[in-house]
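Examining the three-dimensional arrangement
Take a look at the letters that make up each chain.
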Amino acid sequence: MRILIAEDESSLLTVIMKKLKEVGYSVDGCSDGQEAIDLVDIYEYDLIIVDIMMPKANGLQVISHTRKKSIQTPILCLTAKVSIEDR
């Protein structure tokens with residue numbers, strides 16, 4: 001299973017990637033939304049984990065781009081936002 005993780009907080013990205021690799025997943029990581037978009041255009045993923053608030057392109061833009069390309073890969077969103085409006 002190949003997973004893409006897009007997370008701009010480097011320590012969190014490192015921990016998530018390390019743990020997933022330890023249990024046998026193939027993991028690509030990036031720290032901004034534009035890089036995530038570029039990787040989605042190149043590779044096929046079984047799961048995408050995306051932070052909502054990232055530089056260059058936010059997580060919602062990454063999701064929108066992915067769906068516009070008719071890629072139906074499951075996407076898990078990470079966010080520090082807590083308000084009801086943000087949900």
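Cut-offs used in this document
- Residues numbered from 1 in each chain as written.
- Predicted model: local features only at pLDDT ≥ 70, side-chain atom pairs only at ≥ 80, totals over all residues.
- Heavy atoms only, no water.
- Phe/Tyr/Trp six-rings, centres within 6.5 Å; stacked < 30°, edge-to-face > 60°.
- Buried < 20%, exposed > 50% of the residue type's maximum accessible area, 1.4 Å probe, protein only.
- Lys NZ or Arg CZ within 6 Å of the ring centre and 35° of its normal.
- Pairing = 2+ DSSP bridges.
- Helix = DSSP H or I, 4+ residues; strand = E, 2+ residues; numbered from the N terminus.
- Right-handed = clockwise from strand over helix to strand, strands pointing away.
- Core = buried A, V, L, I, M, F, W, Y, C linked by side-chain atoms within 4.5 Å.
- Contact = heavy atoms within 4.5 Å.
- Axes fitted to C-alpha atoms, helices over the stretch in contact; angles between N-to-C directions.
- Parallel < 35°, antiparallel > 145°, perpendicular 65-115°, else oblique.
- Left-handed = near helix turned anticlockwise from the far one by under 90°.
- Nonpolar A, V, L, I, M, F, W, Y, C, P; charged D, E, K, R; others polar.

**Things to note about the packing of aromatic side chains**
- Counting across every chain of the model gives 1 aromatic pair.
- On the numbers, 6.4 Å between centres and 70° between planes, the contact of Tyr-43 with Tyr-45 is edge-to-face.
- With relative accessibility at 5%, the residue Tyr-45 sits in the buried group.
- Over the face of the ring belonging to Tyr-43 we find Arg-2, whose NZ or CZ atom lies 4.3 Å from the ring centre.

**Things to note about the pairing of strand 2 (residues 26-30)**
- In this sheet, strand 2 lies alongside strand 1 (residues 2-6) in parallel orientation, the contact comprising 5 bridges. If you follow Ile-5 over to strand 2, its bridge partner there is Gly-29.
- Each parallel crossover has a hand, and for strand 1 linked through helix 1 (residues 10-22) to strand 2 it is right-handed.

**Details of the nonpolar core**
- With 14 residues, the main nonpolar core has Leu-4, Ala-6, Cys-30, Ala-36, Ile-48, Val-50 and Val-62 as its most contacted residues.
- Contributing elements (two or more residues each) for this core: strand 1, helix 2 (33-42), strand 3 (47-51) and helix 3 (59-68).
- Considering every element that reaches this core, the biggest residue donor is helix 2, with 4 residues.
- Contact partners of Leu-4, with chain neighbours within four places excluded, come to Asp-28, Cys-30, Ala-36, Leu-39, Val-40, Tyr-45, Leu-47, Ile-48 and Ile-49.

**As for the packing of helix 2 against helix 3**
- Axis separation between helix 2 and helix 3 bottoms out at 9 Å; the angle between their running directions is 20°. In this view, helix 2 runs roughly parallel relative to helix 3, as classed from their interaxial angle. Crossing of helix 2 against helix 3: the hand is right-handed. Seen from helix 2, the contacting residues are Gly-33, Ala-36, Ile-37, Val-40 and Asp-41; seen from helix 3, they are Gln-61, Val-62, His-65 and Thr-66.
- Within the contact of helix 2 with helix 3, the residues separate by chemical class into 4 nonpolar, 4 polar and 1 charged.

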